[in-house]
Amino acid sequence: MSGGRRRLGRVWRRRGPLRTRLALSVTAAVALVAVGVCAAAFLVVRSALYEQLDLSLTQSARLAAQRNPGAEPGVLAGECRFLAAPACAEVVPADPADDPRPPGQLPVAPAARKVAEGTKSPYYTNITVAGHPARMLTTDYAKGRALQVALRADTVEDGIEEAAGWLVLTAAAGVLLAALLGYWVSRTGLAPVARLTATAERIAATRDARHRIELPPPGREDEITRLATSFNTMLGELEQSIAAQRQLVADASHELRTPLTALRTNAELLARADRLTPDQRERASAALGRQLREVTGLVNDLIELARDEEPQPLVEQVRLDALVEHCAQAARTHWPAVPFHVLVPAEPVVVPGVPARLSRLLGNLLDNAAKFGRDGLPVEVELVAGVRGRGPELTVRDHGPGISSEDLPHVFDRFYRAGAARALPGSGLGLAMARQIARAHSAELTAEAAPGGGALFRLAF
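The present account deals with the structure reproduced in this document. Everything numeric here is computed off the predicted structure, so don't read it as measured data.

## Examining the packing of aromatic side chains
Here is step 1 of the chain: The final tally for this structure, using the stated rule, is one aromatic pair.
Here is step 2 of the chain: Residues F412 and F457 carry aromatic rings whose centres are separated by 6.2 Å and whose planes lie at 85° to one another, so their mutual orientation is edge-to-face. With F412 in the loop between β10 (393-397) and α10 (430-440) and F457 in strand β12 (residues 455-460), this pair connects stretches of sequence that are 45 residues apart. Here the two residues F412 and F457 agree in accessibility, since each one is buried.
Here is step 3 of the chain: Geometry around Y123 places K120 over its ring, the cationic atom sitting 5.3 Å from the centre.

See the structure below:
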């Protein structure tokens, strides 16, 4: 049974409501302090009252010894049955055979004989005389004899009982106040947690991340407020992520609609190949292959954009200058009508990264510059080694129409195309992918208007 109760207690501590546990904890702590203070006060009052009574007994014993020096065993003075009477005193011999006849009213304990013998120190004891509480002092008196002095303790006992009653009431009031304080602390202290919980439950029920937790005014921040602020920040990030996801799905659906429609048209056309001439079948087949490659490239780009980080096991030291030369040569093959002017430093420029991903980044920048450049005007590529604590920097400039101030903030958005670029081939994912690859390599890719016209893309490691 005791083991079951202990297990039940542990389960309640783990699963009980936090507000109830906090209220009970505060109540128990404050109640323990209140009861402890009242118990200490009771002991202090009791000790003070008895100390006063013991002082009176000591004075009475000294007075009795002075008035009756060397008295024989027996009653010396006083009548202990009366509250107002002075202290009653008796002389106790060390040998019981010397006790007086009849014996006195005060009890004689073996310890009193030892005090008479001189083998025990004086001591105080509580006794009952004629049905009334009394306090007795047993002290040395003369050789072979001890002196017992007693005083009625009714007033002391009454004072102790009265103090105990008031202290019990005080302790009860303290426990009640502790319960109220615990309830108030639990409600006040956990109010932000309740709001946080309500917001989380509302978001879980509605799947709407636009809700926020109400925060207290500035200057009243605490740990719970910091938690609520972090939760609001997380909700903001979640809302942006959901919005970006929805936008990505909408943009991908829009971009895929046209090539998929063309694919279906050409597939249906090839299904009736017996009605087409050889030239028509060849054109339809070429168009189908081109559209398949376009859709495949678009899907691959979307998959790569969905990755948040580069595969770390593939990171190595990459010769950036050699990679720029290689990518420029590949761009010359792909864009034979566009001259590419490449300027790289004589010394090697090495950065940590994934060669295939950096090659994809540079290829996207060069393709974008060639696509928007003017016929006959070059694409200028320059790599500068890092100096004065800065990393390498690569710039790619074209001499095309440039980027308008309205389009500049959206250049790296997925599927974004400026008005002048809608008629050109592409999905609008190249620059978005380039920036993602750059950030995965601890680099920053920015776009700006080039002096004298055209666009300038700057990749800073």
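## With respect to helix α8 (residues 320-334)
Here is step 1 of the chain: When the terminal C-alpha atoms of α8 are compared, their 21 Å separation across 15 residues agrees well with the 21 Å that a helix rising 1.5 Å per residue should span.
Here is step 2 of the chain: By the burial criterion, the buried members of α8 are L320, D321, L323, V324, C327, A328 and A331. The buried residues of α8 occupy an angular sector of 155° when projected down its axis, which confines them to one face. Those residues of α8 that are exposed and aimed more than 90 degrees away from the buried face are H326 and T333.
Here is step 3 of the chain: Of the surrounding elements, those touching the buried residues of α8 are β6 (316-319), β7 (340-343), β8 (350-353), α9 (355-372), β9 (379-384) and β10.

## Brief notes about the nonpolar core
Here is step 1 of the chain: If you look at the biggest cluster of nonpolar residues, it comprises 36 residues, and the most contacted ones within it are L361, L365, L445 and F457.
Here is step 2 of the chain: Of all elements in the fold, only α8, α9, β9, β10, α10, β11 (444-449) and β12 reach the threshold of two or more residues within this core.
Here is step 3 of the chain: With seven residues, the single largest contributor to this core is α9.
Here is step 4 of the chain: Those residues in contact with L365 that lie beyond four places of it in its chain are V396, L431, A434, L445 and F457.
Here is step 5 of the chain: Counting 18 residues, the second-largest nonpolar core is a separate cluster that includes L57, L76, A89 and V149.

## A look at the sheet that holds β12
As a general point, the strands of a sheet are linked pairwise by backbone hydrogen bonds and lie either parallel or antiparallel.
Here is step 1 of the chain: Reading across from one edge, β7-β9-β10-β12-β11 is the order of the five strands in this open sheet, with mixed pairing throughout. One side of each edge strand has no neighbouring strand; the edge strands of this open sheet are β7 and β11. Sheet twist, expressed as the average angle between the axes of neighbouring strands with direction ignored, equals 15°.
Here is step 2 of the chain: Pairing between β9 and β10: five bridges, direction antiparallel. When the sheet's bridge partners are listed, V384 is paired in β10 with E393.
Here is step 3 of the chain: Sitting on the sheet, α8 touches β7, β9 and β10, and the angle it makes with β7 is about 175°.
Here is step 4 of the chain: The sheet contacts of α10 involve β11 and β12, and relative to β11 the element is tilted by about 135°.

## Structural notes on the packing of α9 against α10
Here is step 1 of the chain: It is at 9 Å that the axes of α9 and α10 come closest, and there the two elements cross at 145°. α10 is crossed by α9, and the crossing has left-handed handedness. Residue-level contacts link R357, L358, R360, L361, N364, L365 and N368 of α9 to G430, L431, M433, A434, I437 and A438 of α10.
Here is step 2 of the chain: The residue makeup of the contact of α9 with α10, split by class, is eight nonpolar, three polar and two charged.

## Brief notes about the pairing of β9
Here is step 1 of the chain: The two faces of β9 differ: V379, V381 and L383 on one face are buried, but E380, E382 and V384 on the other face are not.
Here is step 2 of the chain: In terms of strand pairing, β7 meets β9 through four bridges, oriented parallel. Bridged to F340 within β9 is V379.

## Details of the packing of α8 against α9
In helix packing, the relevant descriptors are the interaxial angle and the interaxial distance, both defined with respect to the helix axes.
Here is step 1 of the chain: Closest axis-to-axis distance for the α8/α9 pair is 9 Å, and the angle between their directions is 45°. Viewed along their axes, α8 and α9 adopt a mutual orientation that is oblique. As α8 packs across α9, the resulting crossing turns out to be right-handed. Counting all contacts with α8, which are made through L323, V324, C327, A328, A331 and H334, the residues of α9 involved are P355, L358, S359, L362, L366 and D367.
Here is step 2 of the chain: Residue composition of the contact of α8 with α9, by class: nine nonpolar, two polar and one charged.

## Some thoughts on a negative patch on the surface
Here is step 1 of the chain: A contiguous patch of negative charge on the surface is contributed by E72, D95, D98 and E117.
Here is step 2 of the chain: Secondary-structure assignment places E117 in helix α3 (residues 110-117).

## Notes on the pattern of salt bridges
Here is step 1 of the chain: Evaluation of the coordinates by the stated rule reveals eight salt bridges.
Here is step 2 of the chain: Put simply, D54 and R135 hold a salt bridge, and the shortest N to O gap is 2.8 Å. Remark: R135 occurs in strand β4 (residues 132-142) and D54 occurs in helix α2 (residues 18-67); sequence separation between them is 81 residues. Like D54, the residue R135 is buried in the burial classification.
Here is step 3 of the chain: Taken together, the salt bridges that share partners define one network made up of R390, E393, E448 and R458.

What counts, and where the lines are drawn
Residues numbered from 1 in each chain as written. Predicted model: local features only at pLDDT ≥ 70, side-chain atom pairs only at ≥ 80, totals over all residues. Heavy atoms only, no water. Phe/Tyr/Trp six-rings, centres within 6.5 Å; stacked < 30°, edge-to-face > 60°. Helix = DSSP H or I, 4+ residues; strand = E, 2+ residues; numbered from the N terminus. Buried < 20%, exposed > 50% of the residue type's maximum accessible area, 1.4 Å probe, protein only. Lys NZ or Arg CZ within 6 Å of the ring centre and 35° of its normal. Expected span 1.5 Å × (residues − 1). Arc of directions from axis to C-beta. Contact = heavy atoms within 4.5 Å. Core = buried A, V, L, I, M, F, W, Y, C linked by side-chain atoms within 4.5 Å. Pairing = 2+ DSSP bridges. Axes fitted to C-alpha atoms, helices over the stretch in contact; angles between N-to-C directions. Left-handed = near helix turned anticlockwise from the far one by under 90°. Nonpolar A, V, L, I, M, F, W, Y, C, P; charged D, E, K, R; others polar. Parallel < 35°, antiparallel > 145°, perpendicular 65-115°, else oblique. Patch = residues over 30% accessible without salt bridge, like charges linked within 9 Å, V, L, I, M, F, W, Y side chains within 5 Å. Areas by Shrake-Rupley, 256 points an atom, 1.4 Å probe, with all protein chains shown as cover. Salt bridge = Lys/Arg side-chain N within 4 Å of Asp/Glu carboxyl O. Lys, Arg positive; Asp, Glu negative; His and termini not counted. Charge placed at Lys NZ, Arg CZ, Asp CG, Glu CD.

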